[in-house]
Number of protein chains: 2
Amino acid sequence: MIRSTLVGQRSESVRRANLSAIVGELHARGGSSRSELVASTGLTRSAIRGLLGELTAAGLASEASGASLGTPGRPSVRVRLNARGAVVIALDVEVDSLAAAVVGLGGTVLHHERVTRPRGHLAVDEIVADLADLARMARQALPHDARLVAVGAAVAGVVRRSDGFVAMAPNLGWRDVPFGSRLARALGGGFAPAIANEADLGALAEHRRGAARGVDDVLFISGEVGVGGGLIVAGRPLTGAVGYGGEVGHLPVNPDGARCGCGSTGCWETELGERALLVRAGLPADGGREAVETVLARAASGDATTLDAIAESGRWLGIGLAGLVNVFNPRLVVLGGLLGRLHPFVARVVEEQLDRRALPAPREIVRVVPASLGIDAPLLGAAELAFEPLLSDPASWLGHRPREVQLSTA
Amino acid sequence: MIRSTLVGQRSESVRRANLSAIVGELHARGGSSRSELVASTGLTRSAIRGLLGELTAAGLASEASGASLGTPGRPSVRVRLNARGAVVIALDVEVDSLAAAVVGLGGTVLHHERVTRPRGHLAVDEIVADLADLARMARQALPHDARLVAVGAAVAGVVRRSDGFVAMAPNLGWRDVPFGSRLARALGGGFAPAIANEADLGALAEHRRGAARGVDDVLFISGEVGVGGGLIVAGRPLTGAVGYGGEVGHLPVNPDGARCGCGSTGCWETELGERALLVRAGLPADGGREAVETVLARAASGDATTLDAIAESGRWLGIGLAGLVNVFNPRLVVLGGLLGRLHPFVARVVEEQLDRRALPAPREIVRVVPASLGIDAPLLGAAELAFEPLLSDPASWLGHRPREVQLSTA
């Protein structure tokens, strides 16, 4: 607690913090009236006017008189961030697809492309080359006046945040891959993309723009081939000491159980992941995306065997969630990926397991809901990650325009 | 991330934040030179001089010339908080003891008393009355000029932080007890004591003054009858949405296993708690403190059966820790209570389980150590909790002296 307040403040750092508060607020909300900014930041009207002047001069924000809506008094001035004033390219490496997006300040998605690819272990070099191509296409799709400030990427693996080193991505077949530096080289331009785990970024996106908006204690659990987690604790993403945190799929729920891809036995993922579901539903464990669609279609048509298989996955979902609810005392559990799609079929059994297994006090306040951003949550989270330096210190982006990121055209 | 920066800052709030930074730094370190304060807070020398003047005038701090130690230049001025300038009373409700302490600003323990009591379900009223007696004795032991500013308490149960409501404390036999309001009434004086879970407070104390000092990502696991946890995430205690977080003893590690005191089955506590150890060692499950001492004595003398029993507890400790290391990516695991005492006997098996079960990346950076504050960690953490309002906004304590807490003398 103390450490968070350790940094004293001088007047320049106060200006920076206040700019950050305003830009953060506008970025999260899309836009605000000046009065709303006064209310949400606690700053005086004149301080806000001055800071908005700086943002406007730098091309990051603009103001327009709002309609008066028949209420008496002056029409309030609406402030918006200019999406093109600062844009980021977001990339996403999933087990069976790659994606790129261009996202403007304020969260406007200006470009989006996802290409599916067959599962299986693809060489890192191929994926990096494909990502660089996607990034260049995204760059070309940009409006001429857009200012590219950063690149962010999500990876379905265990990622060190400082440099994008991927310690392990079993479902991509990666181990100890210096993904950050390889991607940087392929993109050219001499800058480092920001890289993090896909579930961590999915949680960030759902927290800022999705099902968990406005909720400060959130458990995001995303299931596909593996089971990942992203945690929001007191409004902040839990990254752990080096960014490896959130690997809820590797909680031991059955220590003498099945072998897990991580090398351990009985991890939650072995009971809750796609393979376990497919086997229970009588399909091949590695049936992949197509087999999953079969399961969902059969469930929708009321097939009893399939519904039983899904219910057993739901039971394991509830067992693990009970433990996580006891540890994190969250207000909201958001189910992403396949788990979000299974939610309608498993909601009841999950609630039953929570009733039975979670401590009554934390159980009482928690709700379980499906994610709202779908498969794009990690991609949108990668954009949010790329915006972090600008959001946390917009002042450093105002002085020297143009501070722009260039991609090599090779 | 954004939410943490949402509050804009006016000059008065800056002064408050800076005072908080200085007091927090001095409280954590015990004392500093002005130069150290410049380095650690980032404030200017003249700003620090002004703020220290305010603290000195209010009787919270004092300055003295340090010895010059033979180095050239002016001797640096040492700043210390005055322990008597603000003191708190800390209370601790453990399963087989009650304790009280008086702690001064800067962490000086001015008075300490612990009374053991037989285990078993004691009526809340009796415990509250005993605590109030302990608090009054502590009050009487205070130096005449000490200024009592708050009371904090640790409870071996699931505690709502806002009002000290104890939702559940199975080993005390409590369920839905408005402990906070009862304790407030017994203490008299019309103020609300700050109350939290004992393991959460143990973690806070170990982080601020014990084995986890200076480490920002910490898992504190405390085992006695039950198994509790306290988590420090990015330097801040993880409390969860209402303070119920950290209940790691109720992670499901064996869902078809033994019945747990919480009502679920196969919680970590059923394999790792005192009862499981005693049974494995061939002693009665409810042999209590005495039986535990027997186990430790036999282990020390090399008794094979006992060492095997302890090793099996160590194996379960490692299994659960592996999962928590995957989820939290901590730098340090601190073992408190009985687990700290078992550490010498189980260190090897714990490390083996971590090697086998934790993901290699987070496993590589984590160390497991015993707690350094022993049985008093929760008590000292209760003192830190009681100091929080003063530490987070010392300015509000400067204006109107004396703002002192009175206990009724009944």
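What counts, and where the lines are drawn
- Residues numbered from 1 in each chain as written.
- Chains lettered and ligands numbered in written order.
- Predicted model: local features only at pLDDT ≥ 70, side-chain atom pairs only at ≥ 80, totals over all residues.
- Heavy atoms only, no water.
- Least-squares fit on C-alpha atoms with pLDDT ≥ 70 in both.
- Contact = heavy atoms within 4.5 Å.
- Helix = DSSP H or I, 4+ residues; strand = E, 2+ residues; numbered from the N terminus.
- Expected span 1.5 Å × (residues − 1).
- Bend = angle between axes of the 7 residues up to and from the residue.
- Buried < 20%, exposed > 50% of the residue type's maximum accessible area, 1.4 Å probe, protein only.
- Pairing = 2+ DSSP bridges.
- Salt bridge = Lys/Arg side-chain N within 4 Å of Asp/Glu carboxyl O.
- Polar contact = N/O pair within 3.5 Å; in protein donor to acceptor, adjacent residues only side chain to side chain.
- Nonpolar A, V, L, I, M, F, W, Y, C, P; charged D, E, K, R; others polar.
- Axes fitted to C-alpha atoms, helices over the stretch in contact; angles between N-to-C directions.
- Parallel < 35°, antiparallel > 145°, perpendicular 65-115°, else oblique.
- Core = buried A, V, L, I, M, F, W, Y, C linked by side-chain atoms within 4.5 Å.
- Phe/Tyr/Trp six-rings, centres within 6.5 Å; stacked < 30°, edge-to-face > 60°.
- Lys NZ or Arg CZ within 6 Å of the ring centre and 35° of its normal.
- Arc of directions from axis to C-beta.

**Student:** A description of the relation of the copies chain A and chain B should follow, citing residues and the corresponding values.
**Tutor:** Once turned by 180° and shifted 0.1 Å along the axis, chain A lies on chain B with an RMSD of 0.0 Å. In symmetry terms, the pair is related by a two-fold rotation axis. When each C-alpha of chain A is compared by its distance to the rotation axis, Val253(A) comes out closest, at 2.2 Å. In this assembly, 100% of the residues forming the interface of chain A have copies in chain B that are likewise at the interface, indicating an isologous arrangement.

**Student:** So what about helix H11 (residues 337–357) of chain A? Which residues, and what values?
**Tutor:** Residue and element names in this part refer to chain A. The end-to-end C-alpha distance of H11, which contains 21 residues, comes to just 24 Å, noticeably less than the 30 Å that a straight helix rising 1.5 Å per residue would cover. Its axis deflected by about 75° at Phe-345, H11 carries its strongest bend there. Among the residues of H11, those classed as buried are Leu-338, Leu-339, Gly-340, Leu-342, His-343, Val-346, Val-349, Val-350, Gln-353, Leu-354 and Arg-357.

**Student:** I'd like a rundown of the pairing of strand S5 (residues 97–104) of chain B, residues and numbers included.
**Tutor:** Residues and elements named next belong to chain B. Judged by how many residues are buried, S5 sits mostly within the fold: 8 of 8 residues are covered. Neither face of S5 is open: one carries Ser-97, Ala-99, Ala-101 and Val-103, the other Leu-98, Ala-100, Val-102 and Gly-104, and all of them are buried. Sheet topology places strand S4 (residues 87–93) next to S5; 7 bridges connect them, and they run antiparallel. Along S5, the bridge assignment pairs Val-87 with Gly-104. Remark: 3 residues form the turn of the hairpin made by S4 and S5, two consecutive strands paired antiparallel. Relative to strand S6 (residues 108–116), S5 runs antiparallel, the two sharing 8 bridges. Looking across to S6, one finds that Gly-104 is bridged to Thr-108. Between S5 and S6, which pair antiparallel in sequence order, lie 3 residues; one of them, Gly-106, sits at a positive phi of approximately 95°.

**Student:** Which residues make up the interface of chain A and chain B, and what values go with them?
**Tutor:** Many analyses report the size of an interface as the accessible area lost when the parts associate. With 78 residues of chain A in contact, the opposing surface of chain B contributes 78 residues. Summed over the shared surface of chain A and chain B, the number is 0 salt bridges. The interface formed by chain A and chain B contains 18 residue pairs in polar contact (both at pLDDT 80 or more). Here the side of chain A that touches chain B gets 9 residues from one element, more than from any other, and that element is helix H1 (residues 11–29) of chain A. Each residue belonging to the side of chain A that touches chain B can be placed in one class, and the counts come to 37 nonpolar, 28 polar and 13 charged.

**Student:** So what's going on with the sheet that holds S6(B)? Residues and values would help.
**Tutor:** Residues and elements named next belong to chain B. Pairing within the open sheet is mixed, and its 5 strands lie in the order S6-S5-S4-S7-S11. If you trace the sheet from one side to the other, it starts and ends with S6 and strand S11 (194–197), each paired once. Adjacent strand axes in the sheet meet at a mean angle of 15° when their direction is disregarded. Contacts from helix H6 (residues 198–209) reach strand S7 (148–155) and S11 within the one sheet, and its direction differs from that of S11 by about 100°. Against the sheet, helix H13 (residues 377–392) makes contact with S4, S5, S6, S7 and S11, and its axis sits at roughly 140° relative to S4, the strand it touches most.

**Student:** Residues and numbers for the packing of helix H1 (residues 11–29) of chain B against helix H3 (residues 45–57) of chain B, please.
**Tutor:** Residues and elements named next belong to chain B. Contact pair H1 / H3: the axes reach a minimum separation of 10 Å and the direction vectors enclose 75°. For the element pair H1 / H3, the angle class is roughly perpendicular. For the pair H1 and H3, contact is made by Arg-15, Asn-18, Leu-19, Ile-22, Val-23 and Leu-26 and by Ile-48, Leu-51, Leu-52, Glu-54 and Leu-55, respectively. Looking at side-chain class alone, the contact of H1 with H3 contains 8 nonpolar, 1 polar and 2 charged residues.

**Student:** Account for the environment of Gly336(B), with residues named and values stated.
**Tutor:** Residue and element names in this part refer to chain B. Note on placement: Gly-336 falls in strand S15 (residues 332–336). Between the alpha carbons of Gly-336 and Ala-371 there is a distance of 5.0 Å; along the sequence they are 35 residues apart. Excluding its chain neighbours within four sequence positions, the residues that come into contact with Gly-336 are Phe-220, Ile-221, Ser-222, Gly-223 and Ala-371.

**Student:** Account for the nonpolar core, with residues named and values stated.
**Tutor:** Core analysis: the biggest nonpolar cluster contains 86 residues, and Ile221(A), Trp268(A), Phe328(A), Ile221(B), Trp268(B) and Phe328(B) have the highest contact counts within it. Setting aside residues no more than four positions away along its own chain, Phe328(A) makes contact with Leu219(A), Leu231(A), Val233(A), Leu238(A), Leu238(B), Gly240(B), Ala241(B), Gly245(B), Val327(B) and Phe328(B).

**Student:** For the sheet that holds strand S15 (residues 332–336) of chain A, give the residues involved together with the corresponding values.
**Tutor:** Residues and elements named next belong to chain A. Pairing is mixed across the open sheet formed by 5 strands, whose spatial order is S14-S13-S12-S15-S16. Either end of the sheet is taken by a strand with one partner, and the two such strands are strand S14 (236–237) and strand S16 (367–370). Relative to S16, S15 runs parallel, the two sharing 4 bridges. Residue pairing in the sheet places Leu-332 in a bridge with Arg-367 of S16.

**Student:** An account of the pattern of salt bridges is requested, with residue identities and associated values reported.
**Tutor:** All names here are of chain A. Scanning all chains against the criterion turns up 50 salt bridges over all chains. A salt bridge links Glu-36 to Arg-78, with the shortest nitrogen-to-oxygen separation between them at 3.5 Å. Placement of Glu-36 in helix H2 (residues 34–41) and of Arg-78 in strand S3 (residues 77–81) is noted, with a sequence separation of 42 residues between them. Given the relative accessible area of 31%, Glu-36 is considered partly exposed. Ionic pairing is found between Asp-376 and Arg-114, a salt bridge with its closest N-O pair at 2.9 Å. Of the two residues, Asp-376 sits in the loop between S16 and helix H13 (377–392) while Arg-114 sits in strand S6 (residues 109–116), which places them 262 residues apart along the sequence. Taking the relative accessible area as the measure of exposure, Asp-376 reaches 18% and is therefore buried. What you see here is one network of salt bridges that share partners, running through Glu-25, Arg-29, Glu-36 and Arg-78.

**Student:** Describe the packing of aromatic side chains, listing the residues and the values that go with them.
**Tutor:** All names here are of chain A. As enumerated under the stated definition, the model contains 3 aromatic pairs over all chains in all. Here the aromatic rings of Trp-174 and Phe-179 are separated by 5.4 Å at their centres, their planes lie at 40°, and the arrangement is tilted. Overall, Phe-179 belongs to the buried group, its relative accessible area being 0%. Between Arg-315 and the ring centre of Trp-316, over which it is positioned, the NZ or CZ distance is 5.3 Å.

**Student:** Give me H2(A): which residues, what numbers.
**Tutor:** All names here are of chain A. Buried within H2 are the following residues: Arg-34, Leu-37 and Thr-41. Mapping the buried residues of H2 onto a view down its axis gives an arc of 55°, with all of them on the same face. On the buried face of H2, the contacting elements are H1, strand S1 (31–33), helix H3 (45–57), strand S2 (61–65) and S3. Directly beyond the C-terminal end of H2, a positive phi value near 80° is found at Gly-42.

**Student:** Describe the packing of H1(B) against H13(B), with residues and values.
**Tutor:** Residues and elements named next belong to chain B. At a minimum axis separation of 9 Å, H1 and H13 run at an interaxial angle of 150°. Residues Ser-20, Val-23, Gly-24 and His-27 of H1 pack against Glu-384, Phe-387, Leu-390, Leu-391 and Ser-392 of H13. Split by residue class, the contact of H1 with H13 holds 4 nonpolar, 4 polar and 1 charged.

**Student:** Let's hear about unusual backbone geometry: which residues, and what values?
**Tutor:** All names here are of chain A. For Asp-176, which is not glycine, the phi dihedral falls at a positive 55°. A positive phi is found at Asn-329, a non-glycine position, where the angle reads about 45°. Relative to the helices and strands, Asn-329 resides in the loop between helix H10 (304–328) and S15. Exposure remark for Asn-329: the relative accessible area of 0% places this residue in the buried category.

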